[in-house]
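Remarks on the overall topology
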Amino acid sequence: MSILHLAARQLDDAGYSVAALTDADIRYLAFEGDSVLGFVLPFDDAGALIEHWHHDSQRVLKASQFGLRRAETKAWNAYIILLTDGASDYASTIRLGAIEEDLTGTRKIARAGVVSADDMRAALLPLLAMQHAPRLGAVDMVGEIRLRTSELPPELINAFVGGAPDATILQLLEAGQ
């Protein structure tokens, strides 16, 4: 399965509208959700990605400029996803990180070694809905309040956590000043 098919499947499963497009010699995906839109560009290997990403992404953005203008607020959440199934060495991985840090025009995701659905999910994680809600343990709120207010007088804290009337708490605050 090609990298574009993997990306299309993940994005479609996440609820995005996905279209396969071609601009001369560049095959890519365009995707759009309620608040995010973007483009997925595949490359043969990490070297090709690093060498051609800027030129190719500019061509794709230029081809879609009228759609981006109509997107209004979504245009602020535009992504360029740059992917290759080829492996990358340490130097290439550093350069891919530098590409992601370039926030000019769009946000960017640049990944090498994307060969499976799990790899694609990891690459597209910033665009996917939260898969599992975090589970938090029960919190002893009275204990937390006592722990975080150790500089206040204990009788004030006891009145606050004991549900004393506001007037009593205010009197204790004034007495502590």
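The following refers to the structure shown. (Residues numbered from 1 in each chain as written. Predicted model: local features only at pLDDT ≥ 70, side-chain atom pairs only at ≥ 80, totals over all residues. Heavy atoms only, no water.)

Some words on unusual backbone geometry
Selection criterion: Note on conventions: DSSP H or I runs of at least 4 residues are helices, E runs of at least 2 residues are strands, and numbering of each starts at the N terminus. Classification of residues uses two cut-offs on accessible area relative to the type maximum, computed with a 1.4 Å probe and protein chains only: under 20% is buried, over 50% is exposed, and between them is partly exposed.
In the Ramachandran plot, Ala24 falls in the positive-phi region, its phi being about 55° despite a non-glycine side chain. Looking at where Ala24 falls in the secondary structure, it is placed in the loop between strand S1 (17–23) and strand S2 (26–32). Residue classification places Ala24 among the exposed residues on the basis of a relative accessible area of 66%.

Section: helix H1 (residues 3–13)
Quick note on the threshold: Any two residues having at least one pair of non-hydrogen atoms within 4.5 Å are treated as being in contact.
Listed in full, the buried residues belonging to H1 are Ile3, Leu4, Leu6, Ala7, Ala8, Gln10 and Leu11. Buried positions along H1 lie against S1, S2, strand S3 (37–43), strand S4 (78–84) and helix H5 (117–123). The positive-phi residue at the C-terminal boundary of H1 is Gly15, with phi of around 95°.

As for the packing of aromatic side chains
Rules: Stacked, edge-to-face and tilted labels apply to pairs of Phe, Tyr and Trp rings (six-membered ring for Trp) whose centres lie within 6.5 Å, assigned for plane angles under 30 degrees, over 60, and everything in between, in that order.
In total, this model carries two aromatic pairs according to the counting rule given. When the centroid spacing of 5.4 Å and the interplanar angle of 85° are considered together, the rings of Tyr16 and Phe31 count as edge-to-face. Of this pair, Tyr16 sits in the loop between H1 and S1 while Phe31 sits in strand S2, placing them 15 residues apart in sequence. With respect to class, Tyr16 is no different from Phe31; both count as buried. Both rings, one in Tyr28 and one in Phe39, keep their centres 6.1 Å apart while their planes meet at 65°; by these two values the pair is edge-to-face. Placement of Tyr28 in strand S2 and of Phe39 in strand S3 is noted, with a sequence separation of 11 residues between them. Exposure remark for Tyr28: the relative accessible area of 4% places this residue in the buried category.

Remarks on the sheet that holds S4
To summarise the sheet geometry, strands pair through backbone hydrogen bonds and adopt either a parallel or an antiparallel arrangement. The test is simple: Whether two strands pair depends on DSSP finding at least two bridges between them. To obtain an axis, a line is fitted to C-alpha atoms, over the contacting stretch when the element is a helix, and the angle between two such axes runs from 0 to 180 degrees between their N-to-C directions.
Strand order in the open sheet formed by five strands is S1-S2-S3-S4-S5, and the pairing between neighbours is mixed. If you trace the sheet from one side to the other, it starts and ends with S1 and strand S5 (107–111), each paired once. Each neighbouring strand pair of the sheet contributes to a mean axis angle of 20°, computed without reference to strand direction. Pairing analysis gives five bridges linking S4 to S5, with the strands arranged parallel. Bridge pairing in S5 links Ile80 to Lys108. Lying over the sheet, H1 contacts S1, S2, S3 and S4, oriented at roughly 5° with respect to S2. Sheet contacts for helix H2 (residues 46–63): S1, S2, S3, S4 and S5; angle to S3, the most-contacted strand, approximately 145°.

A look at the environment of Arg9
By the secondary structure assignment, Arg9 is in helix H1. Exposure remark for Arg9: the relative accessible area of 48% places this residue in the partly exposed category. A C-alpha to C-alpha distance of 21 Å links Arg9 and Arg107, two positions 98 residues apart in sequence.

So, the packing of helix H6 (residues 141–148) against helix H7 (residues 154–161)
Short version of the rule: In this scheme, roughly parallel covers angles under 35 degrees and roughly antiparallel covers those over 145, while 65 to 115 is roughly perpendicular and the rest are oblique. Each helix crossing is assigned a hand: it is left-handed if the near helix lies turned anticlockwise from the far helix by less than a right angle, otherwise right-handed if that turn is clockwise. Under the convention adopted here, Pro, Cys and the residues Ala, Val, Leu, Ile, Met, Phe, Trp and Tyr are nonpolar, Asp, Glu, Lys and Arg are charged, and Gly plus all remaining residues are polar.
The contact between H6 and H7 brings their axes to 11 Å, and the two run at 155°. For the element pair H6 / H7, the angle class is roughly antiparallel. Classified by chirality, the crossing of H7 by H6 is right-handed. Residues Val142, Ile145 and Arg146 of H6 touch H7, and the partners they reach there are Ile157, Asn158, Phe160 and Val161. Considered class by class, the residues forming the contact of H6 with H7 number five nonpolar, one polar and one charged.

A few points about the nonpolar core
Using the following cut-off: Throughout, nonpolar core names a set of buried Ala, Val, Leu, Ile, Met, Phe, Trp, Tyr and Cys residues whose side chains join them through atoms within 4.5 Å.
Membership of the largest hydrophobic core comes to 21 residues, with the highest contact counts inside it found for Phe31, Val40, Ile81, Leu83, Met120 and Leu127. Contributing elements (two or more residues each) for this core: H1, S2, S4 and H5. Ranked by residues supplied to this core, first place goes to H1 with six residues. Once residues lying within four places of it in the same chain are set aside, the contact partners of Val40 are Leu4, Ala7, Leu11, Tyr28, Leu29, Phe31, Ile81 and Leu83. Judged by nonpolar contacts, the second largest core, of 20 residues, contains Ala30, Phe39, Ala71 and Ala110.

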